[in-house]
Amino acid sequence: MSKTNVNYSDQKRETKFPIAESHGLSPRSKWLRDYYFRGLEREWNNQFMPFTTGTDWDIVFHEGDWYINPEVYYYIQVLGKNDKGVFASSYRSMAIPVELPDNFWELSLPERRVTFLEKVMLDYIPHEIISENDLIAGGRFNTQLSRCFNEEEAKEYWKKNVRNREAVFKYHKSGFGNLGAVPGHIIPDYETVVKKGFKYIYEKARKTYDELTEEEKIGPKGGELRAIMTAAKIPKKLAKKYAEESRRLKTETNNPKKAEELEQMAMNLEKVPWEPAETFWQGVQTVWLTHMLVMAEESYPGAGLSFGRIDQYLWDLYKKDVIKQKTFSKEFAKDILSSFWFHCNTVYDAMIRVGNQGLLSGFGQIITLSGCGSNGDDLTNELTYTMLEVIDSWYPSLEPKPNVRIHRNSPERLLDILIDMIARAQGAQFILNFDERSIAGMVKEGIPKEEAWNYGVVGCLENTMQGNDRSGTVNCNPNLSKSIELTLWNGKNMPRNDIVTKPGEQIGPETGNPEDFQSWEEFYNAWKGQVEFIIRYTVDINNLCEELRGDFIRTPYLSSIVRGCIEQGLDIINGGPELRFITVEGVGYATTVDSLLSIKKLVYEDKKYTIAQIKNSIMNDFKGNEVMQTYLMNKAPKYGNDEDDVDEFSKMVMETWAEECWKYKTPTNYQYRPGMLSWNYWAGADASYTIATPNGRNKGSFLSNAICPTNGADKKGPTAVTNSIGKVLGGKTESGEYLNYLPNGASHTITFNPSIIKDPEHKEKFKAYLRGYIENGGTSLQVNMLDAEMLKDAQKHPENYKNLLVRVTGYNAYFTTIGRELQDEIIARESHRI
């Protein structure tokens, strides 16, 4: 679909405060970026396209994929427990019927799914080259595909779905958090596809199938492998369609240079991704076409589906083409990457009519850059720097989300560039991941140290291995602060609780009436019993979701590019990957710690208050007890100030809930592991169902964010916060080895005043801070450089700040599109100086 080369630049607006803008783009790259940001004014978009088998019982929308987004619960169930919901009924009514082969209903479920995917992608979805400026083929991929159930499967699926919905909604509305078995959040084996092609994958699956017994061939394993073989040939067939479109456009253009580019695109597509990539252009094309098909199959637009260490597995191709043979210039390579950037951003077209980010703030297609090698050596290369240039020039934009790994041997050049980029932004263009601490976490979950160095990042900041690991990194998000309520009321929801479904319900174990406790040890042991129950309850409800997905959801295409699935003849959902984890992301950690510290100090040590008085004040949300609230907020110790006794206690709390996670597995043989992301739950969905807490927080107000201290509790500056975080994650052994209780990683968001990097001297201080973070801090850091007055002006005049990006937690979001409460939370964050 050829487009005229018009200028889609945004009109300049007068703003009281300057905000970051794109810069240094070539005309081609500028057109692509400007065209994307035209949004609904574009004549092309990538909205969800639903497709159905046409049966009366067909299910197109799998609601369980969205349970971790409580904002959409209203659209899932409106009229009652058997209600199909707005999304499901709407997509089903809009769905395009697909002509099925005669033997379709005789096939196994995975074979039906892959047959349906192939039919849709080859015969129903248009194959468009977006414009004469686009160098990468692969336009539409946002789908809602039939789950391809027969009538009996559909009935059984719906029965279990209703059961799950009721359990998940009760879990959430009782203040426990949210959970659900979701797609995405994985690094497929893109490296193997780039270096060996889908031909290699197909032959591997064929060989495995041929070695099956005849009984196995007619069983589930045979059906799965036949589906994988079919899936492995889809990219070749789809690339051929795009090659034909490239040649069609070639006949229409009067521009000789563009005709040459279109011919080269066609030649690329005739080779990759079936054969190994031989050029950088082919490598990027391979990655994108492979990636977009995963999103199409899962009907899940990019959430956590990540690219891994892309600057490493594309480096040899870039070095050959750009540096050694000079096949094309660095600027042309940046244009290739800009086309890749454009397509990554079109995930947001899925719900484009809802807003410029749809219903969600960040889908999280992470690219992992830089990092150490097997011996701690630095692997930064010229492609790393080229990609950083593209990131910087495209900013502000949402995708792909960069995560830059730094470590003790990171070069000065890299750190200088990163700090310069931060100085030009409000919400940093990337998350920083710290290798030594992160690798320690991977080793804790059983990854050999000689392999753990090659980890990648998915979603926001979640650490996984590449190509063989699905770690369910956002599946379980328990509200740890619920444990305080359960402890105070002996396992019950608080009476007179107007924000949960059943006030006074006995939902946790009876651990004793704390008004009868004579010692802090009794109270703490009761709390341990309740937090252990929360983890167990979380696992029990999530396992219902995992069981449903294991029984009914099939993704043979994705399974073809995750190592272990072919070897076992198992879908990725059913335990196929070599590495299998589900992450429990603790929410409200500092709220929990500070609440325990308040009770320990003011009830059991100072005897300022009794448990009965604390409970009464909480039930009244501190109304009439403001003096007590002030004491709780200001006179008790707080996590985040580098105080060894407080940090040692906080570490004990961390170890208690984190170690509990390792006791459990899913029915599909995935191991639970701990992490700390929080996404936006601490400020919205979880916070709204949380009663007042003994650290002085009012009911419904924000919880603490991931591993960050409670807002305003960190009084001693960023270095003190950093040291506290490193200690509660495990610190170091006596011999200096890093420890890490949270293999998934822990989100630390920090806000600085822009003045701290205003000149070379201050930039050197900030670099020293980052070096210190490597030694003593956590696994990841995201930086905001924000002036609170600018954000207040953006609230008053949002039309002047449409492109203002800020760091929320693990992701960037446009400040003017997030809710007022979350805006206020970001404004209220402590703005540090160094």
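Residues numbered from 1 in each chain as written. Predicted model: local features only at pLDDT ≥ 70, side-chain atom pairs only at ≥ 80, totals over all residues. Heavy atoms only, no water.

1. Examining the overall build of the chain
Going by this rule: Secondary structure elements are taken from DSSP: a helix is a run of H or I of four residues or more, a strand is a run of E of two residues or more, and numbering for both begins at the N terminus. We compute the radius of gyration over the C-alpha atoms and compare it with the globule rule, which gives 2.2 Å times the number of residues raised to the power 0.38. Contact criterion: two residues are considered in contact whenever any of their non-hydrogen atoms come within 4.5 Å of each other. Working convention for charge: Lys and Arg count positive, Asp and Glu count negative, and His plus the chain ends are omitted. Positions of charges follow a simple convention, taking NZ of Lys, CZ of Arg, CG of Asp or CD of Glu.
Counting its secondary structure elements, the chain contains 29 helices and 18 strands. By the compact-globule yardstick of 28 Å for 834 residues, the chain fits well, its C-alpha radius of gyration being 26 Å. Overall size of the chain, expressed as C-alpha extent along the three principal axes, is 85 × 65 × 55 Å. Restricting to contacts in the chain with at least 6 residues of sequence separation, those with at least 24 account for 78%. For the chain, the centre of its 101 positive side-chain charges and the centre of its 115 negative side-chain charges are spaced 2 Å apart.

2. A word on the packing of aromatic side chains
Under the convention used in this document: Between rings of Phe, Tyr and Trp, where Trp is taken as its six-membered ring, a pair exists when centres lie within 6.5 Å; planes separated by under 30 degrees are stacked, by over 60 edge-to-face, and by other angles tilted. A 1.4 Å probe rolled over the protein chains alone gives each residue an accessible area, and that area as a share of the maximum for its type sets the label: buried under 20%, exposed over 50%, partly exposed in between. Charge over a ring is defined by NZ of Lys or CZ of Arg lying within 6 Å of the ring centre and within 35 degrees of the ring normal.
Evaluated as defined, the whole model comprises 50 aromatic pairs. Taken together, a centroid distance of 4.9 Å and an interplanar angle of 80° make the contact between Phe-176 and Tyr-537 edge-to-face. Linking Phe-176 in the loop between helix H5 (151-173) and strand S4 (177-179) with Tyr-537 in helix H19 (residues 520-552), this pair joins segments that are 361 residues apart in sequence. For the pair Trp-520 and Phe-649, a centre-to-centre distance of 6.0 Å together with 50° between the ring planes defines the contact as tilted. With Trp-520 in helix H19 and Phe-649 in helix H25 (residues 644-661), this pair connects stretches of sequence that are 129 residues apart. For Trp-520, a relative accessible area of 10% gives the class buried. When its relative accessible area of 8% is taken as the criterion, Phe-649 is described as buried. A connected cluster of aromatic rings, assembled from ring pairs, spans Trp-31, Tyr-35, Tyr-36, Phe-37, Trp-44 and Phe-342. Directly above the aromatic system of Trp-158 lies the positively charged group of Lys-84, at a separation of 4.1 Å from the ring centroid.

3. Considerations on the nonpolar core
The following threshold applies: Only buried residues count toward a nonpolar core, which is a set of Ala, Val, Leu, Ile, Met, Phe, Trp, Tyr and Cys residues joined through side-chain atoms within 4.5 Å.
Counting residues in each nonpolar core, the largest one holds 266 residues, and the members touching the most others are Phe-280, Tyr-589, Met-654, Trp-657 and Phe-766. Take this core: its biggest share by element is 15 residues, from H19. Ranked by size, the runner-up nonpolar core spans 12 residues in total, among them Ala-452, Tyr-455, Met-465 and Leu-579.

4. Things to note about the sheet that holds strand S2 (residues 96-97)
What counts here: DSSP-based pairing: two strands are paired if at least 2 bridges between them are found.
Spatial strand order, S2-S1-S3: three strands in an open sheet with parallel pairing. Only two strands of the sheet have a single neighbouring strand rather than two, namely S2 and strand S3 (143-145). When strand S1 (residues 49-52) meets S3, the two strands line up parallel, connected through three bridges. Bridging from a neighbouring strand, Phe-51 pairs with Leu-145 of S3.

5. Details of the side chain of Ser-747
Inclusion rule: Pairs of N or O atoms are called polar contacts if they sit within 3.5 Å, as long as, within protein, a hydrogen donor faces a hydrogen acceptor (for residues adjacent in sequence, only side-chain-to-side-chain pairs).
The topology assignment puts Ser-747 in the loop between helix H26 (718-728) and strand S14 (749-752). Assessed through its relative accessible area of 0%, Ser-747 is described here as buried. Reaching out from Ser-747, the side chain makes a polar contact with the side chain of Gln-782 at a distance of 2.7 Å.

6. Quick look at the confidence of the model for the chain
To keep things clear, this is the line we draw: Known as pLDDT, the predictor's per-residue confidence is scaled from 0 to 100.
Confidence in the prediction for the chain averages 93 pLDDT; 96% of positions are at 70 or higher. Per-residue pLDDT stays below 50 along residues 1-13; that stretch engages in 35 contacts with residues further than four places along the chain or on separate chains. pLDDT under 50 marks residues 356-361. Its contacts with residues more than four places away, or in other chains, come to 22 contacts.

7. What to know about the environment of Leu-25
The residue Leu-25 is located in the segment before helix H1 (27-36) in this model. On a C-alpha basis, the gap between Leu-25 and Thr-253 in space is 24 Å, while along the polypeptide they are 228 residues apart. Once residues within four sequence positions are removed from consideration, Leu-25 is found in contact with Lys-30, Arg-33, Ser-393 and Trp-394.

8. Observations regarding the pairing of S1
Neither face of S1 is open: one carries Met-49 and Phe-51, the other Pro-50 and Thr-52, and all of them are buried. Here S1 runs beside S2; their pairing, made up of two bridges, is parallel. Paired with Phe-51 across the strands is Ile-96, a residue of S2.

9. Considering the side chain of Asn-45
Of note, Asn-45 is situated in the loop between H1 and S1. According to the relative accessible area criterion, Asn-45 is buried, its value standing at 13%. Polar side-chain contacts of Asn-45 include one of 3.1 Å to the backbone nitrogen of Gln-47. Here Asn-45 is in contact with Arg-140 and Asp-349, once residues within four sequence places are set aside.

10. Notes on the packing of helix H12 (residues 315-324) against helix H14 (residues 382-394)
Stated precisely, the cut-off is as follows: Helix axes are fitted to C-alpha atoms over the stretch in contact, other axes to C-alpha atoms as well, and angles between N-to-C directions run from 0 to 180 degrees. When describing relative orientation, an angle under 35 degrees is termed roughly parallel and one over 145 degrees roughly antiparallel, while 65 to 115 degrees is termed roughly perpendicular and anything else oblique.
Taken N-terminus to C-terminus, the directions of H12 and H14 make an angle of 85°; their axes are 9 Å apart at the nearest point. The pairing of H12 with H14 is recorded here as roughly perpendicular in orientation. Touching Trp-315, Tyr-318 and Ile-323 of H12 are Glu-382, Leu-383 and Thr-386, all from H14.

11. Thoughts on helix H29 (residues 820-828)
Spacing of three or four residues puts side chains on the same side of an α-helix, whose turn is 3.6 residues. Those residues of H29 not exposed but buried are Leu-822, Gln-823, Glu-825, Ile-826 and Ile-827. Packing partners of the buried residues in H29 comprise helix H28 (788-796) and strand S16 (805-807).

12. What to know about unusual backbone geometry
Backbone phi values are negative for most residues with the exception of glycine, while trans is the configuration of most peptide bonds. Look at the link from Val-272 to Pro-273: it is a cis peptide, with omega at 5°. Its location among the elements puts Pro-273 in the loop between helix H9 (256-271) and helix H10 (280-298). Residue Glu-399 is joined to Pro-400 through a cis peptide bond whose omega torsion reads -15°. Even without being glycine, Lys-326 reaches a positive phi, approximately 50°. Within the chain, Lys-607 stands out as a residue other than glycine whose phi angle is a positive 50°. The class for Lys-607 is exposed, based on a relative accessible area of 63%.

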